[in-house]
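A closer look at the structure
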Amino acid sequence: MSVDPPGGPSSRLPLQVSLRPEAITRIQETFLDSLRAQLLATALLAILTVLGIAGTSRLYESLRRRRGTRIAEIASILVLVVVVAIAVYGFSAIWSVLFVLEFALNAASISPWEAAQQVVTLGIVATAYLAIRFVNRSIDTLAETRALTKHQSEVAHHVADVTIIGIAITVIMSLWGIELTNIFIGAGAITAIVALTARETLAGMLAGFILLFSRPFRVGDWIEVNETQGIVTDVTIFTTKIQTFDDKHVLVPNDEVTSSQLTNYSRNNQLRLEIEVGVDYETDVPRAREVVVDAVDDLEIVKSSPNPQVVTRGFGDSSILLECQVWIGNPTMRRTHDARTAVIDAIADAFEREGISIPYPQRVHAPRGDGFRVESAPREGAGISTTDD
């Protein structure tokens with residue numbers, strides 16, 4: 001059975017295309033004259049629709065391997081639209097509600113100018129979609145070559161998508177005669193209100209973009225910010241996550257990172273360590289420097305280029321201060337501790353072999369009046385002496 005649409009019988013569209021040809025009418029009258037038949041036909045059509053969608057997926061994979069992703073996407077979308085359209089028409093015919101489609105199409109009758117506007121709008125949307133796909137793939141290609149980090153590529157994706165969509169919407173609104181001046185004025189007012197009420201959030205977001213594009217550090221780098229030292233585990237638009245060496249996870253606001261002194265120990269892939277050691281005033285200082293260089297020169301953890309060197313820093317209270325400067329590669333906190341330990345052990349062993357003493361503060365206990373007074377010796381040896389009158 002068929003039902004006439006509201007407003008009187010109408011079986012033809014303005015383009016003279018009938019949605020109820022005689023064949024469909026005969027099928028409805030012959031095979032769909034009962035509820036049971038309609039349910040069976042609905043189930044069969046649902047199965048065919050699912051098979052059509054599955055076939056579209058296989059078509060996409062086949063075309064992607066042969067013709068590329070873009071052609072595969074376009075073809076699969078067109079086929080999917082056809083499958084959906086046939087399914088909608090079939091369900092409408094089974095349940096005798098074709099008048100709904102006819103009414104909708106009749107209500108959608110448009111002038112040639114409106115049709116041209118819609119066609120151009122669809123073209124703009126399709127162009128924007130293809131542009132987004134192209135830009136995103138270009139960003140992914142850069143990310144694969146390590147020209148961009150993971151977080152930079154994510155931000156670039158969002159910025160590119162929003163920019164292209166914004167341009168497309170602006171062009172479409174202009175095409176349809178929508179006045180943009182009032183929209184821009186309202187957007188400006190809203191932006192000013194948001195900027196005043198969320199200054200810190202916007203500052204953090206701006207700092208996040210600065211960090212993601214200036215790249216002062218990457219995930220995995222060893223950095224120090226405001227006496228917080230550790231490994232960068234994540235960088236977002238608002239915060240930088242640092243895992244300290246005592247296994248604490250610290251979230252540092254990005255605006256604090258950009259406004260504070262930042263030290264990146266991993267930037268140059270090498271790090272210089274300074275180990276200070278004192279020798280007795282009676283020691284041959286040039287000879288002591290040679291002993292230190294020879295002691296650390298053969299250490300595996302110490303780099304041979306730049307060469308280890310020893311400089312005389314000054315006169316201490318009880319010793320002449322020498323500074324051993326060595327370089328390590330791929331700096332981490334563990335390697336830093338290991339290298340410092342190895343250098344100190346090597347210097348101590350070398351001094352012991354060469355008979356070079358490492359002095360330490362010496363106190364002299366002398367009585368004064370009813371008690372004792374403690375004095376620092378004018379020159380220190382290798383032990384502690386006590387004087388008792």
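Parameters and conventions
All residue numbers here refer to positions counted from 1 along the written sequence of the relevant chain. Local features in a predicted model are, by the rule used here, given only for residues with pLDDT of at least 70; side-chain atom pairs are given and counted only at 80 or more, and totals for whole chains, interfaces and linings are based on all residues. Note that the side-chain values use all heavy atoms of the structure and ignore hydrogens as well as water. Secondary structure elements are defined from DSSP: runs of H or I of at least 4 residues count as helices, runs of E of at least 2 residues count as strands, and each element is numbered from the N terminus. When accessible area is computed with a 1.4 Å probe and restricted to protein chains, residues below 20% of their type maximum are described as buried, those above 50% as exposed, and intermediate ones as partly exposed. Working rule for contacts: check all heavy atoms of both residues, and any pair within 4.5 Å makes them a contact. For every accessible area listed, the method is Shrake-Rupley and the probe measures 1.4 Å; residues are considered covered only by the protein chains on display. For this analysis, a nonpolar core means a set of buried residues of the types Ala, Val, Leu, Ile, Met, Phe, Trp, Tyr and Cys, connected via side-chain atoms within 4.5 Å. Only residues whose relative accessible area exceeds 30% and that form no salt bridge enter a patch; like-charged residues are grouped when within 9 Å of one another, and nonpolar side chains (Val, Leu, Ile, Met, Phe, Trp, Tyr) when within 5 Å. Here, a salt bridge means any side-chain nitrogen of Lys or Arg that lies within 4 Å of a carboxyl oxygen of Asp or Glu. Pairing between two strands is assigned when DSSP locates at least 2 bridges connecting them. Every axis corresponds to a line fitted to the C-alpha atoms, with the helix fit spanning only the stretch in contact, and the corresponding angles, defined between N-to-C directions, vary from 0 to 180 degrees. Looking at any residue, its pLDDT shows the predictor's confidence there, from 0 to 100. By definition here, a helix of n residues has an expected span of 1.5 Å times n minus one. Two aromatic rings, drawn from Phe, Tyr or Trp (for Trp, its six-membered ring), form a pair once their centres lie within 6.5 Å of each other, and the interplanar angle then sorts them: stacked below 30 degrees, edge-to-face above 60, tilted otherwise.

Considerations on the overall build of the protein
The helix and strand tally for the protein stands at eleven helices and ten strands. Each of the 389 residues in the protein was classed as buried or not, and the buried ones make up 30%. Residue pairs at least 24 apart in sequence account for 59% of intrachain contacts in the protein once pairs closer than 6 positions are excluded. Accessible area for the protein stands at about 24900 Å²; split by element, carbon and sulfur atoms hold 60% of it.

Structural notes on the nonpolar core
Core analysis: the biggest nonpolar cluster contains 29 residues, and Cys324, Val326, Val343, Ile347 and Phe351 have the highest contact counts within it. Of all the elements in the fold, those that place two or more residues in this core are strand S6 (270–279), helix H10 (285–297), strand S8 (320–329) and helix H11 (333–354). By residue number, the principal contributor to this core is H11, which donates seven residues. With residues near it in sequence (within four places) discarded, isoleucine 347 still touches Val277, Val292, Ala295, Val296 and Cys324.

Some remarks on unusual backbone geometry
Cis geometry marks the peptide bond from serine 305 to proline 306, where omega comes out at 0°. One non-glycine residue with positive phi stands out, namely glutamate 227, at about 65°. Summarising the element assignment, glutamate 227 is placed in the loop between strand S1 (222–225) and strand S2 (228–235). You can call glutamate 227 exposed: its relative accessible area is 77%. The phi angle at asparagine 330 is positive, at roughly 50°, despite the residue not being glycine. On the secondary structure map, asparagine 330 appears in the loop between S8 and H11.

Some details on a nonpolar patch on the surface
Taken together, Ile74, Ile77, Leu78, Val81, Tyr129 and Leu130 make up a surface patch of nonpolar side chains, about 540 Å² in accessible area. Of all the secondary structure elements, the ones that give two or more residues to the nonpolar patch are helix H3 (69–94) and helix H5 (112–144). Sort the elements by how many residues they give to the nonpolar patch and H3 lands first, with four residues. Within the secondary structure, isoleucine 77 sits in helix H3. Among the residues examined, isoleucine 77 registers a relative accessible area of 44% and is labelled partly exposed.

Quick look at the sheet that holds strand S5 (residues 262–264)
Ordered by their spatial adjacency, five strands build an open sheet running S4-S3-S2-S1-S5, and the pairing between neighbours is antiparallel. Two strands close off the open sheet at either side, each with one partner strand: strand S4 (249–253) and S5. For this sheet the average axis-to-axis angle between neighbouring strands, irrespective of direction, equals 40°. Bridge analysis of S2 against strand S3 (residues 239–244) gives five bridges, and the strand direction is antiparallel. Of the residues in S3, the one forming a bridge with isoleucine 231 is glutamine 243.

Description of the environment of alanine 348
Tracing the chain through its elements places alanine 348 in helix H11. In this structure alanine 348 comes out as partly exposed when scored by relative accessible area, which is 35%. Along the backbone, alanine 348 and alanine 295 are 53 residues apart, and their C-alpha atoms lie at a distance of 9.1 Å.

Some remarks on the confidence of the model for the protein
The share of residues in the protein with pLDDT of 70 or more is 77%, and the mean pLDDT across the chain is 78. Every residue in residues 1–17 scores below 50 in pLDDT, and together they form 28 contacts with partners more than four places removed in sequence or on other chains. In this model residues 378–389 is a low-confidence stretch, pLDDT under 50, and it forms 31 contacts with partners more than four residues away in sequence or in other chains.

Focus on the pattern of salt bridges
Pairing between side chains becomes possible if they bear opposite charge and their charged atoms approach one another. In the structure shown here, the tally under the stated rule is eight salt bridges. The salt bridge partner of lysine 248 is aspartate 246, with a shortest N-O separation of 3.7 Å. Between glutamate 274 and arginine 272 there is a salt bridge, with its nearest N and O atoms 2.8 Å apart. Residue classification places glutamate 274 among the partly exposed residues on the basis of a relative accessible area of 33%. Within the structure, one salt-bridge network assembled from shared partners comprises Glu73, Arg133 and Arg137.

Details of helix H2 (residues 35–67)
Here H2 is 33 residues long and its end C-alpha atoms lie 46 Å apart, about the 48 Å a rise of 1.5 Å per residue gives. For H2, every residue scored as buried is listed here: Ala37, Gln38, Thr42, Leu45, Thr49, Thr56, Ser62 and Leu63.

Quick notes on the packing of aromatic side chains
Taken as a whole and judged by the stated rule, the model has three aromatic pairs. With a centroid separation of 5.7 Å and an interplanar angle of 90°, the aromatic rings of tryptophan 222 and phenylalanine 245 are classed as edge-to-face. Here tryptophan 222 is found in strand S1, whereas its partner phenylalanine 245 is found in the loop between S3 and S4, with 23 residues between them in sequence. When the ring of tyrosine 281 is compared with that of phenylalanine 315, the centres are 6.2 Å apart and the planes differ by 0°; the resulting orientation is stacked. Of this pair, tyrosine 281 sits in the loop between S6 and H10 while phenylalanine 315 sits in strand S7 (residues 309–315), placing them 34 residues apart in sequence. Exposure remark for phenylalanine 315: the relative accessible area of 71% places this residue in the exposed category. By the ring-pair criterion, three or more aromatic residues cluster together here, those being Trp222, Phe245 and Tyr265.

Some remarks on the sheet that holds S6
Read from one edge of the open sheet, three strands run S6-S8-S7, paired in antiparallel fashion. Each of the sheet's edge strands pairs with one partner strand only, and the pair in question is S6 and S7. Neighbour-to-neighbour, the strand axes of the sheet open up by a mean angle of 25°, direction not taken into account. Bridge analysis of S7 against S8 gives six bridges, and the strand direction is antiparallel. Within S8, the position partnered with threonine 312 by the bridge is leucine 322. Strands in contact with H10 are S6, S7 and S8; relative to S8, the strand with the most contacts, it is inclined by about 20°.

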